[in-house]
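Letter by letter, the chains look like this.
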Amino acid sequence: MKNIRLNEARNQLKQIFTETIDTIIMALEAKDLYTKGHSERVYNLTSLLVDKMNIPSQEADDIRMAARLHDIGKIGISDMILNKPERLTDEEYAVIKNHPVIGAEVLKKIKEFERIVPIIYHHHERYDGKGYPDGLKGDAIPLGSRIISVVDSFDAMISKRTYREALSKSKAVNELVKNINKQFDGKIVYAFLKVLKDIGIEY
């Protein structure tokens, strides 16, 4: 009887946790028109990618959750910048670049998120060390961050923005390959291309 009650309590907490995450994402999507649907697509593709790479279950779950929440820091960015119909100025882009830091600050206060905070904080680092916020290079960048970087970039490229048309999937794939060992980890790019083929995305 005690075990049944414990399981019920765990299930209730898990449900509350899931609903809290959904609420956070809904709040962000109401603020940032571009993010609507983007986080879910990145989550779905990341889920397939971590399976393809045979990442251990706990780490895979952490990466999936980080993918779902990777842009949560944009909740602290001005609506005028997030939804600006023209290209951002250098000053505005500098503000946008702070969103991984804001996201990490928001989530580090929640114990259940402690393992995903570094993944979100570093998801805009580059494999060649020219990314942000810390300029980490190569395998010094958390694996989850390197994975999300590939998927996030692909979805961003094939999505229409107010200031540009969407790239074709073929052009987006070419950009990923062209930037292997520059922006992206090569082994992750090639695993991702296999995922795209698995789900019938032609490029």
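A quick note: this is a predicted structure, and the numbers were derived from the prediction, not measured.

**Remarks on the environment of Ile77**
Reasoning step 1: Mapped onto the fold, Ile77 is located in the loop between helix H3 (57-69) and helix H4 (79-82).
Reasoning step 2: Residues Ile77 and Lys97, 20 residues apart in the sequence, show an inter-C-alpha distance of 9.8 Å.
Reasoning step 3: Apart from the residues within four sequence positions on either side, Ile77 is in contact with Lys31, Leu82, Val95, Ile96, His99 and Ile102.

**Some thoughts on helix H2 (residues 38-52)**
Reasoning step 1: If you check H2, its first and last C-alpha atoms are 21 Å apart, about what 15 residues at 1.5 Å a residue would give, namely 21 Å.
Reasoning step 2: Along H2, the residues classified as buried are His38, Ser39, Val42, Leu45, Thr46, Ser47, Leu49 and Val50.
Reasoning step 3: For H2, the elements touching its buried residues are H3, helix H8 (143-157) and helix H10 (186-198).
Reasoning step 4: Phi for Asn54, located one or two positions after H2, is positive at around 55°.

**Concerning the nonpolar core**
Reasoning step 1: Grouped together as the largest cluster of nonpolar side chains are 40 residues, with contacts concentrated most on Leu49, Leu69, Leu107, Phe154, Leu176, Phe192 and Leu196.
Reasoning step 2: Put simply, the parts of the chain that give this core at least two residues each are helix H1 (2-31), H2, H3, helix H6 (99-107), helix H7 (117-121), H8, helix H9 (169-178) and H10.
Reasoning step 3: Those residues within four positions of Phe154 in sequence are excluded, and the remaining contacts are Leu45, Lys169, Ala172, Val173, Leu176, Phe192 and Leu196.
Reasoning step 4: With 5 residues, the next largest nonpolar core counts Ile77, Ile81, Leu82 and Ile102 among its residues.

**Overview of empty space enclosed by the protein**
Reasoning step 1: Throughout the structure, instances matching the rule amount to 1 cavity of 30 Å³ or more.
Reasoning step 2: Lining the largest cavity we find Glu125, Arg126, Tyr127, Ile141, Ser145, Arg146, Ser149, Gln183, Phe184 and Asp185.
Reasoning step 3: Among the residues making up the lining of the largest cavity, the classes are represented as 3 nonpolar, 3 polar and 4 charged.

Rules and cut-offs
Residues numbered from 1 in each chain as written. Predicted model: local features only at pLDDT ≥ 70, side-chain atom pairs only at ≥ 80, totals over all residues. Heavy atoms only, no water. Helix = DSSP H or I, 4+ residues; strand = E, 2+ residues; numbered from the N terminus. Contact = heavy atoms within 4.5 Å. Expected span 1.5 Å × (residues − 1). Buried < 20%, exposed > 50% of the residue type's maximum accessible area, 1.4 Å probe, protein only. Core = buried A, V, L, I, M, F, W, Y, C linked by side-chain atoms within 4.5 Å. 1 Å grid on protein atoms, 1.4 Å probe; cavity = no way out; pocket = protein on both sides within 12 Å on 5 of 7 lines; lining within 4 Å. Points joined across faces, edges and corners; volume = space filled by probe spheres on them. Nonpolar A, V, L, I, M, F, W, Y, C, P; charged D, E, K, R; others polar.

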